[in-house]
Amino acid sequence: GIQVEQSPPDLILQEGANSTLRCNFSDSVNNLQWFHQNPWGQLINLFYIPSGTKQNGRLSATTVATERYSLLYISSSQTTDSGVYFCAVEGETDSWGKFQFGAGTQVVVTP
Amino acid sequence: EAQVTQNPRYLITVTGKKLTVTCSQNMNHEYMSWYRQDPGLGLRQIYYSMNVEVTDKGDVPEGYKVSRKEKRNFPLILESPSPNQTSLYFCASRAKTVVNTEAFFGQGTRLTVV
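Residues numbered from 1 in each chain as written. Chains lettered and ligands numbered in written order. Predicted model: local features only at pLDDT ≥ 70, side-chain atom pairs only at ≥ 80, totals over all residues. Heavy atoms only, no water.

**Student:** Please explain the layout of surface pockets as it appears in this structure.
**Tutor:** To find leftover empty space, one rolls a probe the size of a water molecule over the atoms. What the largest pocket holds in volume is close to 340 Å³. Every residue lining the largest pocket is counted, 24 residues in all, and those nearest its centre are Q37, D38, P39, G40 and G42 of chain B. Elements with a minimum of two residues in the lining of the largest pocket: β9 (83–91), β10 (100–101) and β11 (105–110) of chain A together with β4 (31–38), β5 (42–51), β9 (87–94) and β11 (109–113) of chain B. Here the element with the most residues in the lining of the largest pocket is β11 of chain B; it accounts for three residues. Looking at the second largest pocket, its volume works out to about 280 Å³. Around the second largest pocket, the lining is made up of 15 residues, and of these L43 and I44 of chain A together with F105, G106 and Q107 of chain B lie nearest the centre. Elements represented by at least two residues in the lining of the second largest pocket include exactly β5 (43–48) of chain A together with β1 (4–7) and β10 (104–105) of chain B. It is β5 of chain A that provides the largest number of residues to the lining of the second largest pocket, a total of three residues. (1 Å grid on protein atoms, 1.4 Å probe; cavity = no way out; pocket = protein on both sides within 12 Å on 5 of 7 lines; lining within 4 Å. Points joined across faces, edges and corners; volume = space filled by probe spheres on them. Helix = DSSP H or I, 4+ residues; strand = E, 2+ residues; numbered from the N terminus.)

Below is the structure:
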């Protein structure tokens, strides 16, 4: 099956700093989404981004499907950005709603 | 508001006592699936459904059952829960379209089996 690798595994930021999270995937995808899991365990959908670039406030994401990677940018980080960020993909051969999740990036933003 | 609703959010139960976690979506989505999340193992798919009365096993189906009698509902059934099924469970749904669309996830159900 498709492999998803996220880096870095852990990230400690001071409030106000910028950061980039990376997601590499091993095969062509039909779907790619970024999620933020908050301390209560909820998965918050950040971006649906199988290709191209999107922005939502301080967050933005870029997926280069031909090179099989996606980037999530956090600018001017805040303590509420803390949590685990997951990249999840649906491979072209698994197109019926099966997501393969990466292991996540644990982000801690300190005041 | 488009949403996937799971119930209950938290559950503590004893080994062997049958339980059902409900999942309902209001978006008329064809695809629904269940995942479990465990430390060090990430999120793994348990079962999925492509439409009413069509279900199939995911990566970790042992000990679980599902049914899809109506399009909006996809309950997860644990007939005889065991402590190794203690986990955080998520239900998800997505439309079946020519161009894939985003998936929506429920709020999660934290299950503890003692």
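**Student:** Got a minute to help me understand the pattern of salt bridges in this structure?
**Tutor:** A side chain with one charge can pair with a side chain of the opposite charge if their charged atoms come near. A complete count under the given rule lists nine salt bridges over all chains for this structure. Close ionic contact of R68 of chain A with D27 of chain A constitutes a salt bridge, the shortest N to O distance being 3.9 Å. Of this pair, R68 of chain A sits in the loop between β7 (59–64) and β8 (69–74) while D27 of chain A sits in the loop between β3 (19–25) and β4 (29–37), placing them 41 residues apart in sequence. For R68 of chain A, a relative accessible area of 31% puts it in the partly exposed group. In this structure, the salt-bridge partner of R44 of chain B is D38 of chain B, at a minimum N-O distance of 2.9 Å. R44 of chain B sits in the partly exposed class, given a relative accessible area of 22%. Several salt bridges converge on common partners, so that one network encompasses K18, K65 and E79 of chain B. (Salt bridge = Lys/Arg side-chain N within 4 Å of Asp/Glu carboxyl O. Buried < 20%, exposed > 50% of the residue type's maximum accessible area, 1.4 Å probe, protein only.)

**Student:** Looking at this model, I keep getting lost on unusual backbone geometry. Mind explaining?
**Tutor:** In terms of backbone geometry, most residues other than glycine have negative phi values and most peptide bonds are trans. The amide bond that connects S7 of chain A to the next residue, P8 of chain A, takes the cis arrangement and shows omega of -10 degrees. Position of P8 of chain A relative to the elements: it lies in the loop between β1 (4–7) and β2 (10–14). The linkage connecting N7 of chain B with the following residue, P8 of chain B, adopts the cis geometry, with an omega of -5 degrees. Here P8 of chain B is to be found in the loop between β1 and β2 (10–13). Not every positive phi belongs to a glycine, and R68 of chain A is a case in point at roughly 60 degrees. A positive phi angle, near 65 degrees, is found at E53 of chain B, a position not held by glycine. Looking at the secondary structure, you find E53 of chain B in the loop between β5 and β6 (54–57).

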